[in-house]
Amino acid sequence: MILLRCRKDEVKMFIFWIFVSLFCASKQNCVWYGVCNTDALNHNQYCAYNGPPKAMPDDGLKLLTERCSFMLQSDNKNFCCDVAQVKILNENIKLAAAILERCPSCMTNLARHICELTCSPEQSKFSIAAATKKNDTGGLYVTSLDLHVAEEYINKTYKSCSQVSVPQTGQLALDLMCGAYPASRCSPTKWFNYMGDGNNVYVPFQITYIQHPTNTTKNGITPLNPTTTPCNAAVNSQLPACSCTDCDLSCPQSPDEPIPEPFNIAGLDAFTVIMTVVFCVGSLVFLLGSFLFTKDSINDEDFQVGTDGATDDSMYRQEPRYFEKLGARTEFFLENIFTRWGTFFATYPWLTLFGGASLVIMLGYGIVYVKITTDPVELWAAPSSKSRIEREYFDSKFEPFFRMEQVIIKAVDLPYIVHNTSNGPIKFGPIFAREFLANVLDLQQQIQNIEANGTFLHDICYAPLKDDNSNVKASDCVIQSIWGYFQDDITRLDDHDEDNGFNVTYLDELYDCISNPYICLASYGGPVDPAIALGGFLKPGEQLTGSTKYEQANALILSFLVKNHHDKGKLVQTLDWEKTFVEFMLNYIQNNKSKSMDIAFTSERSIEDELNRESQSDILTVLVSYIIMFIYIAISLGHVQELKRSLIDSKITLGIGGVIIVLASVVSSIGIFGYIGVSATLIIVEVIPFLVLAVGVDNIFILVQTYQRDNRRANETTEQQVGRVLGRVGPSMLLTSVSESCCFFLGSLSDMPAVKAFALYAGVALLIDFILQITCFIGLFTLDIKRKEENRLDICCFIKCKKSDIMHNNEGLLYKFFRSVYVPFLMKKLVRVVVMIFFFGCLCASIAFVPKIDIGLNQELAMPEDSFVLHYFKSLNAHLNIGPPVYFVLKGNISYSNSSIQNLVCSGRYCNDDSVLTQIYLASRKSNITYIARPASSWIDDYFDWALSSSCCKYNPTNGSFCPHQDTSCSTCKIEKNNLQRPNEHEFGKYLPFFLRDNPDDSCVKAGHAAYSGAVRYNYDQQTLNVDSSYFMAYHSILKTSRDYFEALESARKISANITQMLKLNLISNGLPVDLAMQVEIFPYSVFYVFYEQYLTMWSDTLQSIGVSILSIFIVTFILMGFDIHSALVVVITITMIVVNLGGLMYYWNISLNAVSLVNLVMAIGISVEFCSHLVHSFSLSKESNQVNRAADSLSKMGSSIFSGITLTKFAGILVLAFAKSQIFQVFYFRMYFGIVVIGATHGLIFLPVLLSYIGAPNNSRLESQNHENCEQETSLSR
């Protein structure tokens, strides 16, 4: 029994050991071990091996701790890899770590499956050697591996890595790591398939990832499912969670900014509704007041014009008040002064003319010292403006932004191309036709070979991988062209292959390169961005997205980047080359361009060149306009009563003399500022003569026509009569001239240089014109009167006619029309009511629409219609697909070597959630609001990663100087790091220059020379490196309209202000002295900011300029009108209405608000004074019995002069401007001048007389005061 029992136990034990042996034989076998082969690409391939794992020596275990420490957590020391494989594992992971390690969770998750795949003792559970080959010794090595992985792991790893950024480019890591797919079109499956693709140059053999939906074992296979960590969680206590810029889940949650809604009432525009109500209520009140509650003091039937002061003296019998007495004295004083003045200069006409001519010649000589400013920056940006200061800082610190030479080539009448592939048909744009591409390459190469006095493109181009003093070849130049995908090799168009029966051609390669440009680097060493090199693939209003179909582009864009210099003396060669480039392109388009091409181009200098050409091209138009006005003035001044006396009564000589005086005042003004050194602008040359003609000619007409209607008194000489006439109209001329000059002098307070210069030149020109009119013109006028009295012919004054031909002065035809027809009609009660309601309606409508005026200046309008730059602007607007770069410049005395300061700036591990780069990144996520399309590049983050890599930093062992990391003769740097794995305070400054000089490549992608050599400016203080300024470059979203541009500027400044505030608060809390902390600032800079900053304050500047001008007119009018508050208010009301209605016209006629239109608005105020002040002054002196009659009397006396002196004079000249070649002339000069004259004339000749009939001064007790004073003076004299 005992024996039997023992045998039973032995049998059981035997069976147990059989099971154990079978189990042990089937578990945990390896699929490889050791390295057995190295292929032509230097890829190491592993020996096929299906035995059990082997013990790892200590040095191998130490190597495993670098990336696979989780595999050492158990006591197991047996692995399916040897030390050589672990070294290869670490090197392979290092390639990915260079990009992904800034996000610890991502890098750790990805490394886990690579570690398991390479060394796991349980390889056979999840991997199978699908194919093997024999090496030279007959040993087998694995050439293909099937790796079974759980979908959960792939999806979670992809999610943790999908937002990891590449600071150098502002793009995502998966843009570089997903093969032909950009990050936006990448997926977990596409990413892992690319990482295992045998055609990938970084993959030693094919790894086929087979995904399993669950972790269950099937057919002996248990899918690999390593532990993963979300990107917003820390991997362990030593490594933090990924930062916001690499993980959306780590970003602070902020509420979405509300999009402002339009100001509506009941779904309608609020301004329109409000002004409609105001108009209705105002009109109703006015009608009730006019017809029900008031009774006119005069009926239409009793109305008479011009009773020559035969009024009832009872209206003057009230006791005059103080201001009325003061006004009377002022009026009497001015009249007396001007009478004596006029008499004196009429007595000595030749001496006066000689003295005036001498003065004008002396002042005008200053023109030789005048500098004409054509630089747009100098014209529209004040030297003290923020954008100008920031531009100067950027240019002086970092050198100006590159100069751009660009060619846009659009396909004409070419069909789209449908290319069949194994993935389905792909539709390509017509520009990808083989012949079209060949023609583009030919043009590109011809441009590269352009020679200008020995200078080629490669002598001036931007070559980021070359040092400043090194030899630059044509292939080193940055050229954004799709030919960069083919290394400018035309033979690549003939490449072909086969894929599942489909023909693989250059189109397939282009499609892959366009999808991910980082796999097809250009010959200069960088990518070609399809958004820059292609055009016409976006519909209007679209922005770039992951699904953008670049391949359907219909235009190619060649962009040649040229170095720019803050020192303009260094640009001589560049400017010569650009000039030759423009000449070449014009000739090419005219003689060599293919019929299938439409070519637009520009150079950096072209805009300024074309602006100069534009000003010259329209000189003839402006001259014709002025000549027509001169002819009209010369003819209309004459008072021809009979045909036989036409050559005597005409005043052509006097008219020409008056025009010469106007031009002399302009010349004198320019000369004065030439002496002073104030630069002139083309606006001054083009606009001020028009302005001075409008003002000066009106005064001439009033003076001459007043004399023509005047009769010489008994025993009065010609000189005395001229003096008396000047005494009558002189105060009015003084009023308008001083008002306008003060208006312009105050307008010169504007910060805008063009507006400031215009206002100064105009103010002085008007003053000089007034002085010459009351001196030289008086002398010339006296001589002309004597010529006429002596019956001498005009022009040919040496010919004398018969005495019997003398005619007496009488009223002109236009004067009779105003007096007998127009005035009686306008002063009818019903007509006056209609006029008031009509003009009130126009005012309300204008107020409703003025806020809707567009702000900005379409750059296309600045070019002549025949300009090649205009064609370029139109093409650019149609094909623009990317916004301009924006630089966030950080300046101030901060210690970048301090970790806490670094955390305020950087965006990677350990960096603050509100750091500089994090805030810019968060702004880029709301590009529809912030206009920031891409996160900013970050030199400091890339420097940390570069320093962390053991293969990047090298130095010369003999002298410790910098060595390129590719130089194998140099030693590897041993950078001491702090607890954040960054260079410590000493090493930070020591190795930063190395980083900025190191060129990137596959082994060291974070080297900073290409991206950051110009981004960091540092100095040494006692051998300690201090970074005093640096920038971080991002991109704006697509900007097309002026509003887009200035709103992008406004948004960038808002972002910068928030960052600056954060920096200052944190720096102070970190112990930095307050005075130093307050000097720290971050500001945005882009090349267009200096041109568009004016639009941020355009409304406030406009209202300020208009308000100050109108206020000055009110003050001057109040004083010179004898402290008459009624008259001053009437003038201001009318001028304000003219300006507001002109604003309404700007809206209706699509005239935007900008510096040019602001100049015109200020000028409109000046001209409006002419339409108003003469009439109001005449009203204040009228002796008629009531407001209606006084308004009629003033209109009959002044209306014809205003109509002929301003309105008709200007119409003749304005109509010619409609035919100008320059669009800016057509829009801002013809349209606005036309509006100024029409609106001013209608208000001055229709509205103002009616307004005076209602609210003008009710009586003229000022005249009674003057009469009292005259009587007292006569009484005292009689005694």
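This text follows the structure it describes.
Residues numbered from 1 in each chain as written. Predicted model: local features only at pLDDT ≥ 70, side-chain atom pairs only at ≥ 80, totals over all residues. Heavy atoms only, no water.

K.L.:
What's the story with the pairing of strand β6 (residues 140-150) in this structure? I'm lost.
P.N.:
Across the eleven residues that make up β6, a large majority, nine, are buried. Across seven bridges, the pairing between strand β5 (residues 127-134) and β6 is antiparallel. Note on β6: the bridge partner recorded for S127 is L147. The antiparallel hairpin formed by β5 and β6 contains five residues in its connecting segment, where G138 sits at a positive phi of about 95°. (Buried < 20%, exposed > 50% of the residue type's maximum accessible area, 1.4 Å probe, protein only. Helix = DSSP H or I, 4+ residues; strand = E, 2+ residues; numbered from the N terminus. Pairing = 2+ DSSP bridges.)

K.L.:
Where do I start with helix α4 (residues 104-119) in this structure?
P.N.:
Counting along an α-helix, one turn takes 3.6 residues, and residues three or four places apart therefore face a common direction. The terminal C-alpha atoms of α4, which comprises 16 residues, lie 21 Å apart, in line with the 22 Å expected from a rise of 1.5 Å per residue. For α4, the tally of buried residues reaches 14 of 16 residues, placing the bulk of the element in the interior. (Expected span 1.5 Å × (residues − 1).)

K.L.:
Explain the nonpolar core to me, please; I cannot follow it from the model alone.
P.N.:
Taken as a class, soluble globular proteins show a tendency for nonpolar side chains to be buried jointly. The biggest cluster of nonpolar side chains holds 209 residues, and the ones touching the most others in it are W939, W946 and L992. Examining the composition of this core, we find that 21 residues originate from one element, helix α25 (residues 753-789), more than from any other. With 73 residues, the next largest nonpolar core counts V407, I479, Y524 and Y872 among its residues. (Core = buried A, V, L, I, M, F, W, Y, C linked by side-chain atoms within 4.5 Å.)

K.L.:
What am I meant to see in the packing of aromatic side chains here?
P.N.:
Aromatic rings in a pair are described by how distant their centres are and how their planes are angled relative to each other. As enumerated under the stated definition, the model contains 65 aromatic pairs in all. Plain terms: the ring middles of F1088 and Y1089 are 4.8 Å apart, the flat faces sit at 85° to each other, and that makes the pair edge-to-face. Taken as a pair, F1088 and Y1089 share a single burial class, namely buried. Aromatic ring contacts, followed pair by pair, group F394, F398, F401, F402, Y462, Y887, Y1031 and Y1085 into a single cluster. One Lys or Arg, R832, reaches over the ring of Y1254 and ends 4.9 Å from the middle of that ring. The aromatic ring of F1179 is capped on one face by R1190, whose charged end is 4.3 Å from the ring centroid. (Phe/Tyr/Trp six-rings, centres within 6.5 Å; stacked < 30°, edge-to-face > 60°. Lys NZ or Arg CZ within 6 Å of the ring centre and 35° of its normal.)

K.L.:
Just to check I follow, could you spell out the sheet that holds strand β27 (residues 971-972) for this structure?
P.N.:
Pairing between the strands of a sheet comes from backbone hydrogen bonds, and it takes one of two forms, parallel or antiparallel. What the three strands build is an open sheet, ordered β26-β25-β27; its pairing is antiparallel. A strand with exactly one partner marks an edge of an open sheet, and here the two such strands are β26 (962-963) and β27.

K.L.:
Help me understand the pattern of salt bridges, please; the structure alone is not making it clear to me.
P.N.:
It is possible for side chains of opposite charge to pair when their charged atoms get near one another. All told, the structure shown has 27 salt bridges when counted by the stated rule. One salt bridge connects D1028 with K397, and the closest N-O pair in it is separated by 3.2 Å. Residue D1028 is located in strand β29 (residues 1024-1036), and its partner K397 is located in helix α13 (residues 386-398); the two are separated by 631 residues in the primary sequence. You can call K397 partly exposed: its relative accessible area is 29%. What emerges from the salt-bridge pattern is a single network uniting R102, D246 and D941. (Salt bridge = Lys/Arg side-chain N within 4 Å of Asp/Glu carboxyl O.)

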